[in-house]
Amino acid sequence: MSLSDDLKQILRPEQVSINQTVLEHHSRDEGYYTPKQPDAVVFPENTEDVVKVMKYAYAHRVPVIPFAVGSSLEGHVIPVNGGISLDLMRMNRILEVRPDDFLVRVQPGVRKDQLNAELARYGLFFSVDPGADASIGGMVATNASGTTTVRYGVMRDQVRSLQVVLADGEVVHTGSLAAKSSAGLNLTGLFVGSEGILGVFTEVWLRVYGLPEAVIAARAVFPTVDHCVQASTAVMAAGVSVTRMELVDDVTIAAVNRYKATDYPEVPTLFLEFQGNARSVENDVAFVQEMMADEGCQSFAVEQTEEARRRLWEARHVAALAVRASMPGKEQMVTDVCVPLSKLPDAVRDARNVMNELGVPGALVGHVGDGNFHAILLVDPSNPEDLKRAGAVNERIVDRALQLGGTCTGEHGVGVGKRKYLDREHGASLRLMKAIKAAVDPLNIMNPGKHVGD
Ligand SMILES: Cc1cc2nc3c(=O)[nH]c(=O)nc-3n(C[C@H](O)[C@H](O)[C@H](O)COP(=O)(O)OP(=O)(O)OC[C@H]3O[C@@H](n4cnc5c(N)ncnc54)[C@H](O)[C@@H]3O)c2cc1C
């Protein structure tokens with residue numbers, strides 16, 4: 001019997017697919033890496049289904065690749081050795097909201113916007129805000145972050161507890177619902193960011209927050225990207241509580257204007273947001289406006305209405321797609337380094353210089369409040385010269401970040417694309433990571449060929 005016939009016996013036949021379009025959809029993510037189709041796609045509907053699939057896969061040594069929205073950027077979900085693509089998007093229920101504890105329990109296929117729509121009914125929100133409407137399971141697996149990290153932290157700061165199905169089908173729970181604990185090793189922290197190589201998350205307890213009384217967004221325009229970055233580090237040094245502080249360069253703004261029919265000035269800009277009670281927010285905005293003027297800001301526009309604010313953040317969220325759409329036929333190679341804040345101006349300047357030097361088209365955006373920025377490099381994946389040049393830019397940007405004490409990936413994760421940098425970044429502790437992977441998944445069936453796995 002074939003793999004899909006076996007799986008149809010374990011689950012219901014309609015939970016297994018070898019349809020060409022479905023296989024195609026599960027062969028790649030949003031990165032530029034060469035796709036490869038899985039042998040079958042399976043759609044579990046509950047934890048028991050996942051356990052059955054894992055037990056089968058373990059017994060037959062079949063690779064299993066957890067798949068959610070597929071918005072990752074480093075080839076995370078490509079079944080490089082074939083096997084089962086385990087699509088968790090049918091597990092999309094919000095199981096429990098506990099407003100008094102600021103906690104929520106969800107299945108992994110719940111999407112970020114879906115969760116926020118539900119939480120709003122309780123006066124709550126979930127803080128992590130990547131550009132794509134990703135799933136909670138995917139965000140846990142990549143330790144995602146985004147525009148609000150400067151205030152609320154990354155995914156690892158929000159996950160209280162996980163239900164995980166291990167490679168052999170055993171179900172374990174990590175963490176507790178307490179705000180802190182000194183009991184045992186931090187397995188929750190270990191699973192967050194594990195990119196499907198250690199187990200499958202089937203339930204997630206998340207920390208959530210009360211909706212703020214007042215929110216104000218603003219745009220601060222500067223003559224150069226360098227000015228933007230210097231200004232953002234000055235704001236951080238002053239200890240002002242910004243909720244979002246995003247660098248958007250002139251190339252990106254021009255692309256967004258075309259993509260979304262907006263009319264923002266096509267110059268380097270910081271998009272900002274402040275949250276809190278009305279009086280404190282107004283004070284913060286006035287203080288930052290003054291400070292920005294000292295840093296060379298040419299115009300500071302406050303977005304007055306909720307609609308204008310929504311448009312602003314939508315523009316930021318579609319930035320990468322807008323840049324890609326500006327050169328039809330090209331794919332995006334997105335760098336993701338993160339450096340200590342004081343080194344950010346150096347790192348961003350070097351990135352622009354190397355893009356110009358090697359003639360690679362692209363744009364710069366960044367969550368500059370936390371030292372993380374992206375060069376969106378446009379490449380034709382079928383053109384080896386193009387790939388080589390963009391690869392060289394990527395390499396130089398990562399080299400520089402590592403020299404400055406930073407990391408090759410602040411939020412997108414390792415996938416297949418960043419594996420080559422791990423040795424340089426982690427040295428001997430990479431061996432420890434590999435030993436943990438081997439202990440948890442001795443047959444190497446969980447998302448092989450990714451992250452620290454072989
Ligand atoms: C336009 C755009 C903007 C983006 N902006 C940001 C950003 O600002 N910040 C950011 O951090 N990322 C960003 N990303 C990257 C991407 O959205 C994140 O990495 C996201 O967390 C991936 O979630 P997903 O649901 O798409 O997961 P997928 O891409 O489907 O999977 C990602 C990884 O998670 C694993 N996985 C998925 N579900 C589970 C599960 N239940 N159990 C175990 N492993 C699992 C997969 O095996 C894979 O390794 C952006 C991507 C795009 C396309």
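Residues numbered from 1 in each chain as written. Predicted model: local features only at pLDDT ≥ 70, side-chain atom pairs only at ≥ 80, totals over all residues.

### Description of the environment of Ala 439
Then, number 1: Following the sequence through the fold, Ala 439 ends up in helix α16 (residues 429-440).
Then, number 2: With 191 residues separating them in the primary sequence, Ala 439 and Val 248 have C-alpha atoms 43 Å apart. (Helix = DSSP H or I, 4+ residues; strand = E, 2+ residues; numbered from the N terminus.)

### Some words on the site of the ligand
Then, number 1: In the vicinity of the ligand there are 37 residues, among which Gly 131, Gly 137, Gly 138, Ala 141 and Gly 196 approach most closely.
Then, number 2: Elements represented by at least two residues in the shell around the ligand include exactly β3 (64-67), α5 (136-142), β10 (200-207) and α12 (319-325).
Then, number 3: If you tally residues by element for the shell around the ligand, the top one is α5, at five residues.
Then, number 4: In terms of residue class, the shell around the ligand is made up of 19 nonpolar, 14 polar and four charged.
Then, number 5: Looking at which domains feed residues into the shell around the ligand, each of domain 1 (3-89) and domain 2 (94-210) gives three or more. (Near = placed C-beta within 6 Å. Nonpolar A, V, L, I, M, F, W, Y, C, P; charged D, E, K, R; others polar. Domains from an automatic or database assignment.)

### As for the sheet that holds strand β18 (residues 372-379)
Then, number 1: Taken in spatial order, the seven strands of this open sheet run β15-β12-β14-β13-β17-β18-β16, and their pairing is antiparallel. A strand with exactly one partner marks an edge of an open sheet, and here the two such strands are β15 (299-303) and β16 (331-334). The sheet shows a mean angle of 20 degrees between the axes of neighbouring strands, taken without regard to direction.
Then, number 2: Direction of pairing for strand β13 (residues 244-248) relative to strand β14 (residues 269-276): antiparallel, over a ladder of five bridges. Counterpart to Met 245 in the pairing with β14 is Leu 272.
Then, number 3: Its contacts with the sheet place helix α13 (residues 344-358) against β17 (362-367) and β18, and it is angled at close to 170 degrees to β17. (Pairing = 2+ DSSP bridges. Axes fitted to C-alpha atoms, helices over the stretch in contact; angles between N-to-C directions. Contact = placed C-beta atoms within 7 Å.)

### Concerning helix α11 (residues 306-317)
Then, number 1: With twelve residues, α11 ought to run about 16 Å at 1.5 Å a step, and its terminal C-alpha atoms sit 16 Å apart, in line with that.
Then, number 2: Every buried residue of α11 is listed here: Leu 312, Ala 315 and Arg 316. One side of α11 carries all its buried residues, which in axial view fall inside an arc of 100 degrees. Of the exposed residues in α11, those oriented more than 90 degrees away from the buried face are Glu 306, Glu 307, Arg 310 and Glu 314.
Then, number 3: Those residues of α11 that are buried lie in contact with β12 (214-221), β13, α9 (250-260), β14, β15 and α12. (Expected span 1.5 Å × (residues − 1). Buried ≥ 20, exposed ≤ 12 C-beta atoms within 10 Å, placed from the backbone. Arc of directions from axis to C-beta.)

### Quick notes on the environment of Gly 146
Then, number 1: The residue Gly 146 is located in the loop between α5 and α6 (149-152) in this model.
Then, number 2: When the C-alpha atoms of Gly 146 and Glu 357 are compared, they prove to be 29 Å apart, with 211 residues separating the residues in sequence.
Then, number 3: What Gly 146 contacts, discounting residues up to four positions off in sequence, is Val 128, Asp 129, Pro 130, Gly 131 and His 367.

### Some thoughts on the packing of helix α8 (residues 225-237) against α13
Then, number 1: As a packed pair, α8 and α13 sit with axes 9 Å apart at the nearest point and diverge in direction by 160 degrees. In terms of axis orientation, α8 runs roughly antiparallel to α13. The two elements α8 and α13 cross, and the hand of that crossing is right-handed. Contact residues: α8 offers Val 225, Asp 226, Val 229, Gln 230 and Thr 233, while α13 offers Leu 344, Pro 345, Val 348, Arg 349 and Arg 352.
Then, number 2: A class-by-class count of the residues in the contact of α8 with α13 yields five nonpolar, two polar and three charged. (Parallel < 35°, antiparallel > 145°, perpendicular 65-115°, else oblique. Left-handed = near helix turned anticlockwise from the far one by under 90°.)

### Describing the domain arrangement of the protein chain
Then, number 1: When its domains are assigned, the protein chain resolves into domain 1 (3-89), domain 2 (94-210), domain 3 (214-321) and domain 4 (327-418).
Then, number 2: Contact with domain 1, which involves ten residues of that partner, is made by 13 residues of domain 4.
Then, number 3: Across the side of domain 1 that touches domain 4, the residue classes break down as five nonpolar, four polar and one charged.

### Focus: the nonpolar core
Then, number 1: Grouped together as the largest cluster of nonpolar side chains are 64 residues, with contacts concentrated most on Ala 220, Leu 247, Leu 272, Leu 364 and Leu 377.
Then, number 2: Built from parts of two domains, this core gets at least three residues from each of domain 3 (214-321) and domain 4 (327-418).
Then, number 3: Non-local contacts of Leu 247, meaning those with residues more than four positions away in its chain, are made with Val 225, Cys 228, Val 229, Ser 232, Leu 270, Leu 364, Val 365, Gly 366, Val 368 and Phe 373.
Then, number 4: Within the second largest apolar cluster, 60 residues are counted, among which are Phe 67, Ala 68, Ile 84 and Leu 162. (Core = buried A, V, L, I, M, F, W, Y, C linked by C-beta atoms within 7 Å.)

### A look at unusual backbone geometry
Then, number 1: The backbone phi angle of Phe 102 is positive, close to 55 degrees, even though this residue is not glycine.
Then, number 2: For Phe 102, the location among the structural elements is in the loop between β5 (94-98) and β6 (103-106).
Then, number 3: Not every positive phi belongs to a glycine, and Asn 143 is a case in point at roughly 50 degrees.
Then, number 4: Along the polypeptide, Asn 143 turns up in the loop between α5 and α6.
Then, number 5: For Asn 143, a count of 23 C-beta atoms within 10 Å corresponds to the buried category.

### Concerning the pairing of strand β4 (residues 84-87)
Then, number 1: Residues Ile 84 and Leu 86 point to one face of β4 and Ser 85 and Asp 87 to the other, with burial holding for every one of them.
Then, number 2: As paired elements, strand β2 (residues 40-42) and β4 share three bridges and run parallel to each other. The partner of Ala 40 across the bridge, within β4, is Ile 84.
Then, number 3: Relative to β4, β3 runs parallel, the two being bridged by four bridges. What sits directly across from Val 64, in β4, is Ile 84.

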